[in-house]
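Single-letter residue listing:
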Amino acid sequence: MRRLWIGIALLVVSAVGAGAQPGLVSYDAASKVFRLDGGNTSYVFGINSRGELQQIYWGGRLAATDKFPQPKPMREWASFDDSYTNTPQEYAGWGAGLYNEPALKVTFADGSRDLVLHDTGYADMTHGFDVLLKDIDRAVYVTLHYTMDPGSGILARSATIENREAQPITVEQAAAAAWTLPAGHYTLNYLTGRWAGEWTLNQEPVMPGARVIESRRGSTGHQANPWFAMQSGAADEEHGEVWFGALGWSGSWRITVEQDQLDAVRVTGGFNPFDFGYVLHSGERLETPVFYGGYSADGLGGASRRLHRFELEHILPRTPAKSGQAAALTPRVRPVIYNSWEATGFNVSEDGQMALAEKAAALGVDRFVMDDGWFGQRKDDHAGLGDWYVNPQKFPHGLKPLIDKVHALGMDFGLWVEPEMVNPDSDLYRKHPDWVLNFPGRPRTEQRNQLVLNLARPDVRAYVLGFLDKLLNENQIAFLKWDYNRNWSEPGWDQVPASEQKRVYVEYTRDLYSILAELRRRHPNVEIESCSGGGGRVDLGILRYVDEVWPSDNTDPFDRLTQQDGFTYAYTPQIMMAWVTDSPHRLNNRTNSLAYAMLSSMQGSLGIGANITAWTPEQTALAKRLIAAYHQVQSTIVQGDLYRLISPRNGSEFSATETVSPDKKQAVFFIFEHSTQEGRGFPLLKLQGLDPAAEYALTSIEGKARADTPAVASGDWWMNHGLQMDDGFRGDLQAAAFRLDKK
Ligand code: DGJ
């Protein structure tokens, strides 16, 4: 522990962790400046002459010898623009004269709402910095936490708010962090969507005023995702400066991007202040979520590559290493799964699942997952949620015969659950109608005929943990698909005093995390997928507890190209499950070849969700060949460095992605043609990220390059000369894939 009353000495400490350059934290007592360095990034802040914590620098890494003077508060610009508002504070309390977005807003028991946070002179340097602030008068303490990943330079920031007043306070707004960007012109990138239409990348100039992206829904949501990237000036996919961030929270959240009256640009994010009111009694604390932020000098592509590596190495859980094996630096690649949902809907049966399992095993699938319909009185979405016993009509001997069969076929077994929900038509709801989120005496709005169990209640939490633990104890289950098919309504919690009911926004999500953590502790080999009717719960909070996510219920392989493109700006392809399903696709009624669907899905973690019992021998053989080819290169695809060579966005005729293994020994690239127009062939494809001097051999996974393409050429050749597709690569929904292996 390196605790210090700051003001004593200059301290430089190597941070824990791996990376090309060591991560460093330092405090310069003379100038009162804190500094973190990691990867390509430096982050600097200090205590200004008023005692506020003021941001100084965030950007490309600086020399260790570079020094900063003590920061000075900004001056009053006009009588309307006071110094407190203009100063770029690390975590501004709403008080004094603050007109832009506060990090923290509270109401005291006597009605005062003035909060001005100053440094206390106390910090801890054990893991980065913990810096303690306090209101200038009242005993409200805030500890700001800073930890920088030495490899990626990604900084994790959060706050702990503590009430040491004798009376309670109500926290009405609490950010995890406020990020100040250098003065300049920016394009904001953010992700929005809807059910079956997630992961749209939006790009818009930052203008004066505030732009809010948020969820008020109780969970992360399809409609917006808690990620942003700010491109400066002329930055593009592979060039220029980008500042980016992602919030680790699966409840209601808000990110505010603000350009103030003096053109300063700030991004503030944390709990959504809408309907928020967290009462802190004397001695209680509130921990905010973590807001991660990073810097890239090589465009949006560089930003996402850093984020992917950070997620792989520092966020995602991993199943324990087998005895005698060293713990891996990254999680194991996802098993290729088969999932029954699109083939059977709710109509699951022992015979039907066994028939699908036999076909799946013959394809080379690793994991067989039975989806919705196996429990309670579940015939459709009107009944059964909450009653987690095996349906005796569908599975007269329980799940054991099916699981044994799946194991005998050489696969492991996974099961769908939706633990946080209940149908009013269920034994659970008849017994415990008070267990759902509700305002007593008011209607309970159903969505998909279901209500949300209030996980904030200790009895509900115990029930959910209990039935899942029992299910995993009694059956050999390797994987849970954890679904969540509606958002909140009437978020009441009448077991606690009226003034405290809004704590539900925090306690629900904390209990969700604690159930997941406890299940993983008790069943360390069980893997979990986060699904919320597709991609409604994907964020860096839930990703600490789950191994993969279901990005969308839209499995149309053409639509998926754009969705996957958007998804990978924020999240690694390792977690991006992608099933091959039947054509024509039920959503768009568009017809595609099986090869096209396979290649679209092979850009992420591959799964099969088609009715494979109806496949022809040719379809079976093709899928089997491509699954085998995928297994050989999967770790490069899902854990390599991703280059989005040609974006499918904005109605592009073409698209292409490439991933390069971290050691640059292998690259895999995918090429898609939507619809040839005016006879145009596929553009010359220049690869990226290879070792320029190394020789790479080209192998086709599917499709042909032009006949004069060399079998072996240098990294420079593939990157500068590029690859030309065969002239026959034309038509609608064409796809090809290749690998390059270093000689
Ligand atoms: C929504 C999921 O996204 C689907 O994959 C499927 O599991 C259904 N729920 C089952 O109800």
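Quantities reported herein were computed from a predicted structural model and do not represent experimental measurements.

A. Spatial organisation of the pattern of salt bridges. In total, this model carries 52 salt bridges according to the counting rule given. Of the charged contacts in the structure, one is a salt bridge between Glu-90 and Arg-157, with a shortest N-O distance of 3.4 Å. Of the two residues, Glu-90 is situated in the loop between α1 (83–86) and β7 (104–108) and Arg-157 in strand β11 (residues 155–163); the sequence distance between them amounts to 67 residues. With relative accessibility at 0%, the residue Glu-90 sits in the buried group. Members of the salt-bridge network, linked through shared partners, are Arg-332, Arg-334, Arg-367, Asp-412, Glu-527 and Glu-548.

B. Spotlight on helix α5 (residues 400–408). Residues of α5 that are buried include every one of Leu-402, Ile-403 and Val-406, and no others. Mapping the buried residues of α5 onto a view down its axis gives an arc of 95°, with all of them on the same face. Projecting away from the buried face of α5 at angles above 90 degrees are the exposed residues Lys-400 and Ala-408. If you follow the buried residues of α5, they end up packed against α4 (350–363), β24 (367–370) and β25 (412–417). Where α5 terminates, the next one or two residues include Gly-410, which has phi positive at roughly 90°.

C. Molecular detail of the pairing of strand β13 (residues 186–192). The buried fraction of β13 is high, at five of seven residues. Pairing of β13 with strand β16 (residues 224–232), which is carried by six bridges, proceeds in the antiparallel orientation. For Thr-192, the partnering residue across the bridge sits in β16 and is Ala-224. Here β13 runs beside strand β14 (residues 200–205); their pairing, made up of six bridges, is antiparallel. Bridging from a neighbouring strand, Tyr-190 pairs with Asn-202 of β14.

D. Up close: empty space enclosed by the protein. The full count for this structure, using the stated rule, is eight cavities of 30 Å³ or more. Reported here for the largest cavity is a volume of approximately 170 Å³. Surrounding the largest cavity, 19 residues form its lining, Gln-564, Thr-568, Gln-603, Leu-642 and Thr-657 being those nearest its centre. Of all the elements in the fold, those that place two or more residues in the lining of the largest cavity are α9 (557–570), β33 (641–646), β34 (654–660) and β35 (666–675). The element best represented in the lining of the largest cavity is β34, accounting for five residues.

E. Just the sheet that holds β33, in detail. Read from one edge to the other, the open sheet built from six strands follows the order β33-β34-β35-β38-β36-β37, with strand pairing classed as antiparallel. Each edge of the sheet is formed by a strand with only one pairing partner; in this case those strands are β33 and β37 (712–714). Averaged over all pairs of adjacent strands, the angle between their axes in this sheet comes to 25°, without regard to strand direction. One ladder, built from six bridges, connects strand β36 (residues 695–702) with strand β38 (residues 732–742); its direction is antiparallel. The residue of β38 that forms the bridge with Tyr-696 is Lys-742. Most of the contacts of helix α11 (residues 617–639) go to β35, to which it runs at about 120°, and overall it touches β33, β34, β35, β36 and β38.

F. Inspection of α11 at higher detail. In this model α11 runs 32 Å from its N-terminal to its C-terminal C-alpha over 23 residues, within 8% of the 33 Å that 1.5 Å per residue would give. Approximately 65° is the largest bend angle found in α11, and it occurs at Val-633.

G. Looking closely at the side chain of Asp-483. Structurally, Asp-483 can be placed in the loop between β28 (479–482) and α8 (504–522). Buried charge without a salt bridge: Asp-483, with Lys-481 as the nearest opposite-charge side chain at an N-O distance of 5.2 Å. Among all residues touching Asp-483, those that are not within four sequence positions of it are Trp-416, Val-417, Glu-418, Pro-419, Glu-420, Cys-531, Ser-532 and Gly-533.

H. Here's a closer look at the environment of Thr-180. Mapped onto the elements, Thr-180 comes out in strand β12 (residues 169–181). Expressed as a C-alpha distance, the spacing of Thr-180 and Asp-427, which sit 247 residues apart in the sequence, is 52 Å. Every residue in contact with Thr-180, bar those within four places of it in the chain, is listed here: Gln-55, Trp-58, Pro-88, Val-265 and Arg-266.

I. Inspection of the layout of surface pockets at higher detail. Space inside the largest pocket adds up to approximately 400 Å³. Contributing to the lining of the largest pocket are 17 residues, with Thr-319, Pro-320, Ala-321, Lys-322 and Arg-332 lying nearest its centre. Here the residues of the lining of the largest pocket sort into seven nonpolar, four polar and six charged.

J. View of the site of the ligand. Taken together, 14 residues are adjacent to the ligand, and Asp-371, Asp-372, Lys-481, Asp-483 and Asp-553 come closest. In the environment of the ligand, a nitrogen atom lies 3.4 Å from a nitrogen or oxygen atom belonging to the side chain of Asn-485. Between an oxygen atom of the ligand and a side-chain N or O atom of Asp-553, the distance comes to 2.4 Å. In terms of residue class, the shell around the ligand is built from five nonpolar, three polar and six charged.

K. Focus on the confidence of the model for the protein chain. Per-residue confidence for the protein chain gives a mean pLDDT of 95; residues scoring 70 or more make up 97%. Taken together, the stretch residues 7–22 has pLDDT below 50 and engages in 34 contacts with residues farther than four places along the chain or on a different chain.

L. Seen up close, the environment of Asp-236. Within the fold, Asp-236 resides in the loop between β16 and β17 (242–248). Spatially, the C-alpha atoms of Asp-236 and Leu-428 are 53 Å apart, while their sequence positions differ by 192 residues. Look past the residues within four positions of Asp-236 in its chain and what remains in contact with it is Gln-231, Gly-299 and Leu-300.

M. Fine view of the nonpolar core. Core analysis: the largest hydrophobic core is formed by 186 residues, its most contacted members being Tyr-91, Val-171, Trp-374 and Met-598. For Trp-374, the contacting residues outside a window of four places in its chain are Val-348, Trp-388, Tyr-389, Val-390, Asn-391, Phe-395, Leu-415, Trp-416, Val-417 and Leu-471. In terms of nonpolar packing, the next biggest core, distinct from the first, is built from 25 residues, Phe-669, Ala-705, Trp-718 and Phe-729 among them.

N. The arrangement of the sheet that holds β28 in detail. Strand order in this open sheet of eight strands is β30-β29-β28-β25-β24-β23-β32-β31, and the pairing throughout is parallel. Since the sheet does not close on itself, it has two edges, and those belong to β30 (548–549) and β31 (577–580), each with one partner. The pairing of strand β23 (residues 337–339) with strand β32 (residues 605–608) spans two bridges and is parallel. Bridged to Ile-337 within β32 is Gly-607. The sheet strands contacting α4 are β23 and β24, and the helix crosses β24 at an angle near 155°. The strands touched by helix α10 (residues 594–601) within the sheet are β31 and β32, with β31 carrying the most contacts at an inclination of about 170°.

Analysis parameters
- Residues numbered from 1 in each chain as written.
- Predicted model: local features only at pLDDT ≥ 70, side-chain atom pairs only at ≥ 80, totals over all residues.
- Heavy atoms only, no water.
- Salt bridge = Lys/Arg side-chain N within 4 Å of Asp/Glu carboxyl O.
- Helix = DSSP H or I, 4+ residues; strand = E, 2+ residues; numbered from the N terminus.
- Buried < 20%, exposed > 50% of the residue type's maximum accessible area, 1.4 Å probe, protein only.
- Arc of directions from axis to C-beta.
- Contact = heavy atoms within 4.5 Å.
- Pairing = 2+ DSSP bridges.
- 1 Å grid on protein atoms, 1.4 Å probe; cavity = no way out; pocket = protein on both sides within 12 Å on 5 of 7 lines; lining within 4 Å.
- Points joined across faces, edges and corners; volume = space filled by probe spheres on them.
- Axes fitted to C-alpha atoms, helices over the stretch in contact; angles between N-to-C directions.
- Expected span 1.5 Å × (residues − 1).
- Bend = angle between axes of the 7 residues up to and from the residue.
- Lys, Arg positive; Asp, Glu negative; His and termini not counted.
- Nonpolar A, V, L, I, M, F, W, Y, C, P; charged D, E, K, R; others polar.
- Near = heavy atom within 4 Å.
- Polar contact = N/O pair within 3.5 Å; in protein donor to acceptor, adjacent residues only side chain to side chain.
- pLDDT = per-residue confidence, 0-100.
- Core = buried A, V, L, I, M, F, W, Y, C linked by side-chain atoms within 4.5 Å.

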